[in-house]
Amino acid sequence: MIGRGRTGTVYLALHKELEEYRAVKAVAKSSLRYETFRKEALLLKELRHPGIPVIYDIEEDEAYSYLVEEYLQGESLETLVKTQGPLARCTVLKYVIQICGVVNYLHSAGTEPILHLDLQPKNLLVCHETIKLVDFGQAAGLTEANKATARFGTVGFAAPEQYDCSMKLDERTDIYAIGGLLYFLATGTYPGREDPPALLGMRMWSREAGRIAAACLEPVKEDRYGSVSQLKVDLENLLERPVSSLVVAVYGLEPCVGTTHISLALCAYLWKLGLPNLYEECHSSDHIRRLAEVQGIPIDSYGSLQAFGCVLKPCYGRQVRFRKHQYPIVIQDRGVWGKGEAFLWDEQPTVQLVVAGGKWWNLGIEKMEESGCEISQDNTVILYNFSDRQIPVKRPEKKEIQKERFQNGQIRSQLLRVPLFSNPFYPDHQAIEWLGLLWSLVEGCAENGAGSSRDHSTGNFMENALENRNGKRAVLQKETWLQRVWRKVQRLMGSCGSQRSQP
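My aim in this report is to walk through the structure given alongside it, one point at a time. Quick caveat, the model's predicted, so the values are computed rather than measured.

### Side note on the overall build of the chain
Here's step 1: Scanning the chain for helices and strands turns up 15 helices and 18 strands.
Here's step 2: Counting only residues that meet the buried cut, the chain has 53% of its 503 residues in that class.
Here's step 3: Partitioning the intrachain contacts of the chain with sequence separation of at least 6 by distance along the chain shows that 68% fall at a separation of at least 24.
Here's step 4: Only carbon and sulfur atoms are counted for the fraction: they give 50% of the accessible area of the chain, which is about 24,000 Å².

So this is what it looks like as structure tokens:
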């Protein structure tokens, strides 16, 4: 026996002449689900597709009916995500494109569309990188599906119309489930039935991926994709499009000013927001590797580990290479300015965070200027750590940094004091508010600086289409990112030097 399900028991058998394994599903004729099994067998024997198990024979005796089918060796998508976490962008798209191919075949195989009606991670196996769709117990032709007096589905993947027998089912019911699968593979979590589609889409790796997922998960089926083939084309186009990450590089002006602490805190904060990101250790302190050893956490094939709800990648050095990740946001802890391993930096950062000590004896940011570092007013945020508000903080001395950045001239450079909090993975309320302020500044730098042309999952995706839990359109105040930041500055941080007025 290799499995037992709601319908019957599955055995592994060997074909003696062909010396090939077969899966034999046995269902008692006295079972309440016998008619469901019989319907599934008759449906499957007519289908021929690489993504559907081959049916070889149907046999019976006095007590049981037997379905002899292809023996599939592989893991379900549910097991894969549970063991590995969210899958890489390229892997997700390749799998979901294959799922679209199978479902499109079902929708066009007969005189009327065949609806699967139970597309979920358990029912999709990865067999040598080929997706196989199993369990056709709920599948039915369009007419028959709409005659059913009882409907079943899996929460997170069942469309709203599956909960109400008075609503019509069609191909778009399966499209809803494909959107749920796309979201699950990319984030590692089931889509919440009450969550607005736009909010779910914001958690994807890019705005376009979020738009596609949201368009599949619309509660009203008329607002979803009209066909699986149309969805498949958009996914294929997305797969061909190169994606670059939003890279946030964190430097310290000297050792022990809290660079790693701030980097990990920002990483944990973004995961709590539902924004996937990767913390990369770009110096040889070995902090992350020691954390993995103490906690007994294994390293995956990407060289990363999952700890405290975050994905962390230790520094390995020049010789070690792993599979390339596809996280939309990368936080690179580059250690002390001028002492990091430069070969680890594949690209110029989108945003720089420069951490300076806040005591009288700490080095100031003039150290970077003396070393020839160009502090861009577009993509640099200066953070003063361990600083009392009575200690005056230093600003860049270069004249171009002292220029008025904005036309009304209120803020000249982006400069924050860091509040005291002990645990970067579980920051207190004040630290969470401050991290929200910091992320607003990072988003502003990405929009106004070098990262403005990139395709990121951050930004104002929610402003495009956001509905509250009651289904009513939320009215969002139109304000610039600077106004949002300034509102938080006034509430939390106070002045960092000279007096400023609201933009």
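### Remarks on the packing of aromatic side chains
Here's step 1: In total, this model carries seven aromatic pairs according to the counting rule given.
Here's step 2: Three or more aromatic residues link up through ring pairs in this structure, and these residues are Phe157, Phe184 and Tyr190.
Here's step 3: It is Arg22 that lies over the ring of Tyr56; its NZ or CZ is 3.8 Å from the centre.

### Points about the environment of Asp333
Here's step 1: One can find Asp333 in strand β15 (residues 329-336).
Here's step 2: The class for Asp333 is buried, based on a relative accessible area of 0%.
Here's step 3: Reaching out from Asp333, the side chain makes a polar contact with the backbone nitrogen of Gly335 at a distance of 3.3 Å.

### Remarks on the sheet that holds strand β16 (residues 351-357)
Here's step 1: Strand order in the open sheet made by the eight strands is β13-β14-β12-β15-β11-β16-β17-β18, with mixed pairing throughout. In the strand order of this sheet, the two ends are held by β13 (305-307) and β18 (415-417), each with one partner. Shown here is a sheet whose adjacent strand axes are inclined to one another by a mean of 25°, direction ignored.
Here's step 2: In this structure, β13 lies alongside strand β14 (residues 310-313), joined through three bridges in antiparallel fashion. Bridge assignment links Gln306 to a residue of β14, and that residue is Val311.
Here's step 3: Where helix α9 (residues 259-273) meets the sheet, its contacts fall on β11 (246-252), β12 (277-281), β14, β15, β16 and β17 (380-385), and the angle it forms with β15 comes to roughly 170°.

### Things to note about the environment of Trp439
Here's step 1: When you line up the elements, Trp439 lands in helix α13 (residues 429-448).
Here's step 2: Look at Trp439 and you get buried, because its relative accessible area is 4%.
Here's step 3: Once the C-alpha coordinates of Trp439 and Leu270 are considered, the two residues, 169 residues apart in sequence, prove to be 8.6 Å apart.

### A word on unusual backbone geometry
Here's step 1: Residues other than glycine seldom take positive phi values, yet Asp135 does so here, at roughly 60°.
Here's step 2: Residue placement: Asp135 occurs in the loop between β9 (130-133) and β10 (140-141).
Here's step 3: Backbone geometry at Asp286 places phi at a positive 70°, although glycine is not the residue there.
Here's step 4: Here Asp286 lies in the loop between β12 and α10 (287-295).

### Points about the pairing of β9
Here's step 1: Both strand β8 (residues 124-127) and β9 contribute to a ladder of four bridges, which runs antiparallel. Across the sheet, Leu124 pairs through a bridge with Leu133, a residue of β9.
Here's step 2: Where β8 hands over to β9, the hairpin turn is made up of two residues, of which His128 adopts a positive phi near 55°.

### Thoughts on helix α8 (residues 228-240)
Here's step 1: Between its first and last C-alpha atoms α8 spans 19 Å; for 13 residues at 1.5 Å apiece the expected length is 18 Å, and the two agree.
Here's step 2: For α8, every residue scored as buried is listed here: Val228, Leu231, Leu235 and Leu238. For α8, the angular spread of buried residues about the axis comes to 85°, placing them on one side.
Here's step 3: Turning to α8, the residues buried within the fold contact α3 (89-108), α5 (171-187) and α7 (207-216).

Conventions used here
- Residues numbered from 1 in each chain as written.
- Predicted model: local features only at pLDDT ≥ 70, side-chain atom pairs only at ≥ 80, totals over all residues.
- Heavy atoms only, no water.
- Helix = DSSP H or I, 4+ residues; strand = E, 2+ residues; numbered from the N terminus.
- Buried < 20%, exposed > 50% of the residue type's maximum accessible area, 1.4 Å probe, protein only.
- Contact = heavy atoms within 4.5 Å.
- Areas by Shrake-Rupley, 256 points an atom, 1.4 Å probe, with all protein chains shown as cover.
- Phe/Tyr/Trp six-rings, centres within 6.5 Å; stacked < 30°, edge-to-face > 60°.
- Lys NZ or Arg CZ within 6 Å of the ring centre and 35° of its normal.
- Polar contact = N/O pair within 3.5 Å; in protein donor to acceptor, adjacent residues only side chain to side chain.
- Pairing = 2+ DSSP bridges.
- Axes fitted to C-alpha atoms, helices over the stretch in contact; angles between N-to-C directions.
- Expected span 1.5 Å × (residues − 1).
- Arc of directions from axis to C-beta.

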